[in-house]
Every structure is written in structure tokens, then in C-alpha cells.
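Structural overview for review
If you want the building blocks of each chain, they are given just below.
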Amino acid sequence: MKFDTPATTNPIDQMKVVGKPIPRIDGDLKVTGRAKYAYEWHDASTPYAYGYPVGASIARGRIRSMDIAAAEKAPGVLAVVTTLAVGERKKGKFNTAKLFGGDEVQHYHQAIAVVVAENFEQARAAAALVKVDYAEEKGAFDLKEAMKTAEKPADSQQPDTSVGDFDATFGSAAITLDEAYSTPDQSHAMMEPNASIAAWDGDNVTVWTSSQMIDWWRADLATTLDIDKEKIHLMSPFIGGGFGGKLFLRSDAVLAVLGAQAAKRPVKVALPRPFMINNTTHRPATIQRIRIGAERDGKITAIAHESWSGDQPGGQLEAAVAQTRLLYAGANRMTAMRLATLNLPEGNAMRAPGEAPGLMALEIAMDEMAEKLGLDPIEFRILNDTQVDPEKPERPFSHRNLIGCLKLGAETFGWSSRGKPGARREGNWLIGQGVAVAFRNNMMLPSGARVRLDRQGIATVETDMTDIGTGSYTIIAQTAAEMLGLPMDRVAVQLGDSRFPVSAGSGGQFGANSSTSGVYAACVKLREAVAAKLGFNSDDVVFENGEVRSGNRSVPLTEAVGDEGLVGEDTMTWGDLTQTHQQSTFGAHFVEVGVDVATGESRVRRMLAVCAAGRILNPITARSQVIGAMTMGVGGALSEELAVDTRRGFFVNHDLAGYEVAVHADIPHQDVIFMDETDPMSSPMKAKGVGELGLCGVSAAIANAIYNASGVRVRHYPLTLDKLIGNLPDVA
Amino acid sequence: MRAFTYERASTIETAAASAASHPSTRFIAGGTNLLDLMKLEIEVPTHLIDVNGLGLDTIEKTPDGGLRIGALVRNTDLAADETVRRDYGLLSRALLAGASGQLRNKATTAGNLLQRTRCPYFYDTNQPCNKRQPGSGCSAIEGFSRQLGIVGVSDACIATHPSDMAIALRALDAVVETIKPDGRRHAVPIAEFHRLPGNTPHIETVLEQGEFITGVVLPAPLGGRHIYRKVRDRASYAFALISVGAVIQSDGTGRIAVGGVAHKPWRVEAADVALPQGARPATAVLLADARPTEHNRFKIDLVERTLGAVIAEAKG
């Protein structure tokens, strides 16, 4: 099915199941430990062996030789596979740095060997015995230095945009802002590490892994190891968080497959926690410059956003200016992005790539600009709202209710009680409030599904869609239940298996809308098959309460499908509605913080997010997405930073003691409100994504609240106390 | 982790003797730090002596009005002890500021004192570290040093001791009781128990090989206000950027020990004398010889400001 005209009324609009607050259907499995994650597949009759990776101890250079004699002789060792023995391999389409193979070291902790042994402890002990002789080379590790020689990347990455005459308008604007901001490298830090089991059967290999994108992984694994894609069976039914860290094939899968081949046994490989930080990908640091010019009445006339980020050679920009092209009005505008070469681990997508770090800067700038103008920051944003793409005014937003989010949020949060900077104090706490806008584009990817209806009246949905903790199982079941007129307990969902139709997968907040649309398409096919079998006119057929009805005829579904059952399979593809209309999601984040007047410690006191993201398929799972994202934004604002050792070229704080994500004590009260809306331009579901929207702007709202509390403006994340205490009131 | 032999100690004396006879032995109690270090091969003992069966898990009054805390009293139990909470509130508060409930359930009094540093370079065996590998150099001094020491540091090491409990013990003038491998009993004031790094940062305490901590003795209660203020980037489950442990009397006199700044709990008795004059003069004495890095210079200001807040809290 191709979605190329706006959705009209369809069975989803009944909202008997879709849109209901249904607890996640895989919840029982998860809280009782019966949901099997990648490393946990365990068949008592299978003699699993255990692989432990060896990572490069330098950041850049070549491996002259490796001495594995001691490792091979260590107790329990079955095989040692080295990058030299494996030799140069092709790289997967989605990988920038190579995962394994050859003598080149491109970054610290790049995988250079896997040691396979009878048990995990033996493999780990033997891995420590591998000796490596390197020819180390100098590298570039400091973005501040490397940005001086940063280059303009290919046009496909849209490095430069320009409309009107920014320079002239900015130069003559009544009120201007010109400030620099920076965001640090951040780690996905998901709870479940990257982990895989590989088992060969002849020349077929089965891989249980933790992947957000089954088909991307399968194709890239085939490329990397020069295996026929059809001979790879990939499964990833449960995933303990990804945040983009499992979008692209990772070394655990490659090492497990090679280890299993060498040891002639099924092999389990999990990346140790430090590898999560230096072996895999991260959100790259940015240095940003924002200039805004406005008339005295607050109308923006000129806006410019520039960003510098770094990556491995051949890598990509962190598109931090993306939202600035669309978020606020202004006739004269420009954006520019430049890419520096860095030899740090690969930078790549992490939750809301582009918008998350971009809004961390832009939404501080908007707060600063409002103050310069003497306007309330909400009023300033409302004044500069746009209902059309500011670069192409003939292109409207499909649906945009940012103003509604801001107004409802202000009222709910008690925004009017906000005082002047540094004005409110309770004991040792300086109290402040901040607001920031959330904005994230709505993307769709093709998504397929197969729905089987059996003679017991059970519908089983099969798709390679993944559930990374988001609730995919549940919303897919809701979709099928709605389409087929079945209760939830008559719908089974099977996900994350390469034998199933290729779906959108999970990422870019495209998963929920795309995958349920694929299920919708498959259900339409199935409905047609049922109608055809009964000789009903499929246009007026109604599926309700386990029955199929047409006119005054009504047949139980079980009878309709017969002993053989019926199957519907289809893939949703997308027309040009995203070209003719700008599709985005919107929100407003409100935060109250306390800043300790003596120590400068900032603690969040309460948070509110108001989101406008089309139809909310399930308010429970959607809320979980948003509060999780808000939590991530707290870490991003206050503590998360991969500390770069610019001499040795690696992230130093490579464990969860050193890389501080927010903990329970950091997260007090969170509220989420979803605007009651639909977006018929987005899909037959009329839904959009929320998982990344929830993160966008949170950190800036916190930064703005800290300014309101303390009067200290910090433009460089994270907003740790050392950046505040020099400017806090004297306490001695 | 390398292979090791393991025994369960039956008496304190045999544990100490056995430890002295094996060249690379560690005692294990809670194991909350040791096991991690063994997995990373930072600690590579060939023999482990499990001391969990030795008792030493009681808290008893001493004849002179103090308190003897057994080496194997768990952090959770010590923090919750009624006498500790009443008479040594500083100790209870410091304990509860550290780690997590699960870790405190396992961690012991002696083990807490013997924690290794949390310097990230110490934990990465690819990097030079004089503490882990004497003579290899210090990666931290010119590297990422935000968490690390500012005072009592050396050119060989700027690591800090991570314990919260030890800060309280230092302020309370605790005494560490041990048994030497030859069976002699020994007592070390907490002030002398931990060493500064100097040229031998790998030697962290005055304990001899095989010497076994049996307990910690607190002198009679001091009265006054007991305050432990731990400053950190997130609200829980993080090591201190700095911490201030204080016992302050109603006349403004008192004692302070500071964590997160040195290789040992940092207390300068002359700074205690300056305490009634306020945070600034006291900090000036306390950190007189500070040698911060560019990354951790803020700790000087932070100690002074935090101490100011502690003094104000004691008055209020």
C-alpha cells in the first residue's frame, strides 16, 4: 500500500483499542525475567562457548604483530581470532569506522581479536594475554583544534542553506544576539550492552542479537563477512535499550559469527561496558554559533545557526542546525555546518540526532534573546511561530500546534509565578523556572508486516519490527485488534526476526507510526481476503466483536477464515506528502530547578512536557517514552559528558561510574500532556513519533531554569557546578 | 580475572599468618571493590582469604565511653546503629552518602577503609599509572583530572581516596585496630593509616602484608552538630567532587575533614583552630599547599563555599 493522499476515515478512527491506555503486553515477561535478551538465549543441550573481545590500546596506527601464543594455551581456550588473521574486510553500508579486520587501528578499543573459551571467565582471562605490537600514529582528538581545518561535506548532507540576506539584515537589526555554545560527546549508555550469539549450521548462521534494525544488520553482516544475506537468520525480539546505539551493525555480532566459525561451537559475545563507550558509536560533540536579529517588537528578521562537529574520515555531520531551518519565522536566514576529522571513536546517531544538541543551543539563545527584548520567553516564541516552512513559504506544515503546547504548558505549570533571575530563594536553594521548545521532524520508512488469522480466531502479526523498550509489541497488537475487530487477547505479535517482512525498525522516532502503518496495510489485505472468501463487498464490510458484517449478514471470523486460516501481507510505502507538507512534532518543556547557592549543584524539582505529535497510539507507552526522554535530558543538561583525553585519543570515563547518567534521586516529579490531535498527512494511523520529541529541548529548559534561578548564564554543557560557582553570591 | 586459590579463614590469627605466607594474598569480605579490580586485572591476587566467617560484626561500647566497631560490620548496619546515629551522626550520614543500598549491605568497615581510588586512568590498564604499575607514569596529571586530588599530591600521583566513611572517621579521630601476621595487636590512629602518594602511590596504607584489620575504635562522643555534606554532579550514586565532614560545637569551635581532595581523608588540625574565624580562613589553612590542575582548581573555591554552608547550618 502506498500512502500518497491524506488519510480519510478508516477503521483506526474507531479508537476502540488504538489510543487506549493499555499496559504493555510484554510487561509480564519482562518483569518476571522471561523475556529473553540477546545474551540470554539458552538451550541446555547447546554447548555454548564464550567470546571475549580484545580492543586496541592505541587510538590510531597499525598493528605490526600480535602474539596470541599465551592466549591460545590458556585454560579452556578454543580459538583466538585476530584482526590480522581475518584480514581486510568490506565495511557495512552504515558503518563509518571498520568493525574488524586488517591491521589498521582507527580508534581506541576498536576490536582486534576475540578469544573463545569454554566459559566466560576463561575467555576474559585469556584475552588479557594477547600481546600487540603497534606502530602508533598521531591523531586529531580535540574538536576545538580540529574545527580550524573543518571542511564542508558533500551537498547530500546539506551543509549550507541561505534565504534572503542574513548579513545585511542582522547588521541593521535593532536587537541582536551573537553567542557560542557547545555540547559534549554523549554516550547512549543503554542498560543492555551490545551482545550476540552466533550458531552455524552448515553454511547457514543464526544470530541472536540486540539490534534496532534487523534488515540493516543482516545486510551489513553479510557484506562485512562476505556471506550470502539469505544464509543469515537474525533475531532480536527483546532489546534492553538502544537510543541509536544499536541502529547499525556492531562488533559483537561480527566477533560472535567469526568466533563460532573458528571454535565450531555456538558463541556468545557481549561487549564489556568500557567497549560500549570507545568501541561503539556516540553522539558527537558540537561547537555552535547562533546569531539572531529582531525588531524591537520581537519579530525575528534574521537568524543564523552554524555548527562544527567531528568524525572519523568519511563520517557524517551532527546536523545540529536542522531545527533552526524550520522552527521560527524570519525572512533572512542561513545555516552552515562543517565537519572536522577526528580520530576518536565513530560519531553517529543518538536519540534525536541533530535536533537534540541543536535545540540545546538554540533554545538557550531564544531565552537570551527574549530577555534582551524584554519579552516573556513564551511570548517571544509565539510571536515568531510559523505555519509554513520559512525557507519555502509555499510549503505548509501538515499540522503545527506549538502555540497550543506553550499556552497549555504555561497554564498547567504555573509559569506566571516565575520571577526575575536570582530573585527566588528557599533556604540554600535558588529557585528558577525555564521553558524550551521541543521540535523533531516526523520521518517515515517503508514497513512491512504479515498477519495470519487462524481458525481459533487468533490473529498473529509477524514483522521484523523491533521493540527497544518503546512498546512496539503493544501498539502493533492494538492496531491489528482495531483493524480486525478483535479483543487484545486474540492478537499475538512476533517481532525482531529476519524471517518476517522487513519493517521500518526502531529509530528516528519513525518506528511507531511506520510499523503500525505496515500492520494496517497487512490488515487491509487480510480484510479483503476475508471479504472475498465470504463474497462480501470489501468496501462496506465491518469487523467487530470477532465478527465480519456486511449489510445484514454477519459471520464469525473463525468461520470466515476456515480451517486453513487466512493471511494478509503488505508493505506500507510513502508518497510525496512529506515533500509537499513539512511534517514535524512539537512540544514545550517546562522545568523548575534549585541551585544550591553554596555549591552550585543544580537539582531538578519538577518537569512538564506538553507534546503535539498526532494521534497518540497508547498514552501509557507514549508517556513512558517521553518521561524517559526527559530523564535523558536531565543527564544531558547536568552531568553527561564523555571526557576526551586529547593526548591519547579516547573517552576516559568509560564506565557508568564515570559517565554519570541521571539516577532516580535526580528525577522528582514529571508530568506529560499530549495534545488531542491527529495528523492525516502522516499516515492512516494519523500518528507521529514521540520518542525523540521528548528529549528535544529538555536540556535547554534546564539551562534556562538555572539562569532564572541563579542569574548565571552557562552556554556550555553539561552545566556542572564548576561553571556556576564563580558567579554565585558570596556565602562565607 | 586470573585464577586464584581460596580459603575460608577460621581464626583471625590463622588468617593473618596465612596471608603473610602467601606472597600475593588479599582478604575478601564484601568484595564490592576487590572483585571489580580482579576482573580488570588491576588486582591480581593468587590467593584469597575469605574473612566473612570471623565474626567481628558487632558494635560495642568501650570502657572509656567510646565505641568499637568490628571490621566486618556492614556499612548498612553501622549507619543504622542507634548509638552511632545518636552519638556519631557524622559517621552515619557519611555512610549513607556513599554507594547504594545494595553495596552498603555488602561493604564492610575495614573494606571501606581499603577501597582503591576511582581515578579513571587507574581503571584502564592500557594507560600508564604509577599506582597500578609503579614507574609507568601518571596519565592523570595532564589528562582528565576533574575528580582528582588538589592537596598532598605528588608528581607521581594525584589520585583521591574515594571513601565517605573515612572522612567521618578522620574527623572523629578513630583508631584502626589490627593484628600483625605474628599475632601482635596494633593500633593506628586514622590520621596515620592512609599514606600520601609521594613516589610510592601503590602503597596506600601503613598495613604490612598479612596485617589484618579487626576493628575501628571511636573515642567518647564529642557532642556538637554533626554534618556531612557531599557535593556531586548527580544527587546519588556518585563519588564526591568534594565532601566536608564536620563536628561543630555551639561556640563555633570544631573539627573538619575533607574528602575528594587528597590521597587520604584530609584534615589539618590548624585549620580546625581557624574554624571559628570562618570558612575562608579555615580553608586557607586546610588547602594552603594545594596544587590543583586546570580541571580541578574549582575544588578550592568549592571547599570554601561548602564549608561556609556547613558552618551556617551548624549555627542554624
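Cut-off values and rules
Residues numbered from 1 in each chain as written. Chains lettered and ligands numbered in written order. Predicted model: local features only at pLDDT ≥ 70, side-chain atom pairs only at ≥ 80, totals over all residues. Heavy atoms only, no water. Helix = DSSP H or I, 4+ residues; strand = E, 2+ residues; numbered from the N terminus. Rg over C-alpha atoms; globule rule 2.2 N^0.38 Å. Buried < 20%, exposed > 50% of the residue type's maximum accessible area, 1.4 Å probe, protein only. Pairing = 2+ DSSP bridges. Axes fitted to C-alpha atoms, helices over the stretch in contact; angles between N-to-C directions. Contact = heavy atoms within 4.5 Å. Core = buried A, V, L, I, M, F, W, Y, C linked by side-chain atoms within 4.5 Å. Buried area = accessible area lost by both parts, 1.4 Å probe. Salt bridge = Lys/Arg side-chain N within 4 Å of Asp/Glu carboxyl O. Polar contact = N/O pair within 3.5 Å; in protein donor to acceptor, adjacent residues only side chain to side chain. Arc of directions from axis to C-beta. Domains from an automatic or database assignment. Nonpolar A, V, L, I, M, F, W, Y, C, P; charged D, E, K, R; others polar. Left-handed = near helix turned anticlockwise from the far one by under 90°. Right-handed = clockwise from strand over helix to strand, strands pointing away.

1. Things to note about the overall build of chain B
Helices and strands together make up the secondary structure of chain B, namely twelve helices and eleven strands. Computed over C-alpha atoms, the radius of gyration of chain B comes to 19 Å, within 12% of the 20 Å expected from 2.2 N^0.38 for 316 residues, which places it in the range of a compact globule. In terms of principal-axis extent, the alpha carbons of chain B reach across some 55 × 50 × 35 Å. Looking at the 316 residues of chain B, the share that counts as buried comes to 59%.

2. Quick word on the sheet that holds strand S6 (residues 175–179) of chain B
All names here are of chain B. Spatially, the five strands line up as an open sheet ordered S4-S5-S8-S6-S7, and their pairing is antiparallel. Looking along the sheet, the strands with just one partner apiece sit at the ends: strand S4 (59–61) and strand S7 (185–189). The average undirected angle you get between the axes of adjacent strands in this sheet is 25°. Across five bridges, S6 lies against S7 in antiparallel orientation. When the bridges of S7 are listed, Glu177 appears paired with Ala187.

3. Side note on the sheet that holds strand S13 (residues 267–270) of chain A
All names here are of chain A. An order of S4-S6-S2-S13-S10-S11-S12 is seen for the seven strands of this open sheet, with the pairing classed as mixed. Edge strands, defined here as strands with exactly one partner in the open sheet, are strand S4 (77–82) and strand S12 (232–235). For this sheet, the mean angle separating the axes of adjacent strands, direction not counted, is 20°. Pairing of strand S10 (residues 195–201) with S13 involves four bridges; the strand directions are antiparallel.

4. Describing unusual backbone geometry
Residue and element names in this part refer to chain A. Cis geometry marks the peptide bond from Tyr717 to Pro718, where omega comes out at -10°. Looking at where Pro718 falls in the secondary structure, it is placed in the segment after helix H18 (698–710). Within the chain, Gln158 stands out as a residue other than glycine whose phi angle is a positive 50°. Along the chain, the position of Gln158 falls in the loop between helix H5 (143–146) and strand S8 (160–163).

5. Thoughts on the environment of Phe275 of chain A
All names here are of chain A. You can see Phe275 is positioned in helix H9 (residues 273–278). According to the relative accessible area criterion, Phe275 is buried, its value standing at 6%. Sequence separation between Phe275 and Gly575 is 300 residues, and the spatial gap between their C-alpha atoms is 41 Å. Residues contacting Phe275, with those up to four places away along its chain left out, are Pro53, Val54, Gly55, His109 and Thr280.

6. Concerning the nonpolar core
Judged by nonpolar contacts, the single largest core of 118 residues is most densely connected at Phe590, Val593 and Ile702 of chain A together with Val261 of chain B. If you tally residues by element for this core, the top one is helix H10 (residues 355–373) of chain A, at eleven residues. For Val261 of chain B, the contacting residues outside a window of four places in its chain are Gly149, Ile150, Val151, Thr160, Ile242, Trp266 and Val303 of chain B. Of all hydrophobic cores here, the second largest spans 55 residues; its members include Leu526, Phe536, Leu577 and Leu617 of chain A.

7. Thoughts on the interface of chain A and chain B
With 38 residues of chain A at the contact, the number on the chain B side is 33 residues. Both sides together, the interface formed by chain A and chain B hides about 3000 Å², and carbon and sulfur atoms give 51% of it. Sorting the residues of chain A by area buried against chain B places Arg124, Arg647 and Glu660 of chain A first, and these three jointly supply 17% of that buried surface. Run the count over chain A and chain B and you get five salt bridges. In this structure, the salt-bridge partner of Arg229 of chain B is Glu601 of chain A, at a minimum N-O distance of 2.5 Å. Where chain A meets chain B, there are 21 residue pairs in polar contact (both at pLDDT 80 or more).

8. Focus: the environment of Asn278 of chain A
All names here are of chain A. Turning to its location among the elements, Asn278 is positioned in helix H9. Setting aside chain neighbours within four positions, we find Asn278 in contact with His107, Tyr108, His109, Pro345, Phe650, Phe651 and His654. A distance of 2.9 Å separates a polar atom in the side chain of Asn278 from the backbone nitrogen of Phe651.

9. Focus on helix H11 (residues 279–286) of chain B
Residue and element names in this part refer to chain B. All of the buried residues along H11 are Ala279, Ala282, Thr283 and Leu286. One side of H11 holds all its buried residues, which, seen down the axis, span an arc of 95°. Contact partners of the buried residues in H11: strand S11 (254–259), helix H10 (269–274) and helix H12 (298–315).

10. Comments concerning the domain arrangement of chain A
All names here are of chain A. Each assigned domain of chain A is listed with its residue range as follows: domain 1 (2–35 + 444–575) and domain 2 (397–442 + 583–727). Distance from the C-alpha centre of domain 1 to the C-alpha centre of domain 2: 35 Å. Summed over both sides, the interface of domain 1 with domain 2 buries roughly 2200 Å², with 57% coming from carbon and sulfur. Its largest share of buried area at the contact with domain 2, domain 1 owes to Met444, Gln509 and Asn513, together 29% of the area lost on that side. Our count for the domain 1 to domain 2 interface comes out at two salt bridges. Between Arg615 and Asp13 there is a salt bridge, with its nearest N and O atoms 2.7 Å apart. Those elements that place two or more of their residues in the side of domain 1 that touches domain 2 are helix H13 (472–484), helix H14 (511–534) and strand S27 (566–574). With five residues, the top contributor of residues to the side of domain 1 that touches domain 2 is H14. Its residues placed into classes, the side of domain 1 that touches domain 2 shows 15 nonpolar, 16 polar and three charged.

11. Overview of the packing of H10 of chain A against H18 of chain A
Residues and elements named next belong to chain A. Packing of H10 against H18 leaves a shortest axis separation of 8 Å and a crossing angle of 35°. Crossing of H10 against H18: the hand is right-handed. For the pair H10 and H18, the contacting residues are Leu359, Met360, Glu363, Ile364, Asp367 and Glu371 in the first and Ser699, Ala700, Ala703, Asn704 and Tyr707 in the second. For the contact of H10 with H18, the residue count by class is six nonpolar, two polar and three charged.

12. Examining the pairing of strand S28 (residues 584–596) of chain A
Residue and element names in this part refer to chain A. Counting buried positions along S28 yields 13 of 13 residues, so the element is predominantly enclosed. The alternating pattern of S28 places Ser584, Phe586, Ala588, Phe590, Glu592, Gly594 and Asp596 and Thr585, Gly587, His589, Val591, Val593 and Val595 on opposite faces, both of which are buried. Of the strand pairs in this sheet, strand S20 (residues 429–441) and S28 are connected by 13 bridges, and their pairing is antiparallel. Across the sheet, Gly434 pairs through a bridge with Val591, a residue of S28. In the sheet, S28 pairs with strand S29 (residues 602–612) via ten bridges, with the strands oriented antiparallel. By the bridge assignment for S29, Gly594 is matched with Arg603.

13. Structural notes on the environment of Arg452 of chain A
Residues and elements named next belong to chain A. For Arg452, the location among the structural elements is in strand S21 (residues 447–453). Arg452 sits in the partly exposed class, given a relative accessible area of 36%. It is 31 Å that separates the C-alpha atoms of Arg452 and Ala44, two residues lying 408 residues apart in sequence. Ignoring any residue separated from it by four or fewer positions in sequence, one finds Arg452 in contact with Ile458, Ala459, Thr460, Glu462, Leu566 and Val567. Separated by 3.2 Å, the side chains of Arg452 and Glu462 make a polar contact.

14. Considerations on the pattern of salt bridges
Scanning the entire structure with this criterion turns up 67 salt bridges over all chains. Among the salt bridges present, the one from Arg605 of chain A reaches Glu426 of chain A, with a minimum N-O distance of 3.3 Å. With Arg605 of chain A in strand S29 and Glu426 of chain A in strand S19 (residues 424–426), this pair connects stretches of sequence that are 179 residues apart. Owing to a relative accessible area of 29%, Arg605 of chain A belongs among the partly exposed residues under this scheme. Between Glu304 of chain B and Arg280 of chain B there is a salt bridge, with its nearest N and O atoms 2.8 Å apart. Placement of the pair is Glu304 of chain B in helix H12 and Arg280 of chain B in helix H11, with a sequence separation of 24 residues.

15. Focus: the pairing of strand S2 (residues 25–28) of chain B
Residues and elements named next belong to chain B. Relative to strand S3 (residues 47–50), S2 is paired through four bridges, and the arrangement is parallel. Residue pairing across strands places Phe27 opposite Ile49, the latter belonging to S3. Regarding the hand of the β-α-β motif, the stretch spanning S2, helix H2 (residues 34–39) and S3 is right-handed.

16. Details of helix H5 (residues 89–96) of chain B
For H5 of chain B, a buried count of six out of eight residues is recorded, marking the element as mostly surrounded by other parts of the structure. Every buried residue of H5 of chain B is listed here: Gly89, Leu90, Leu91, Ser92, Ala94 and Leu95 of chain B.

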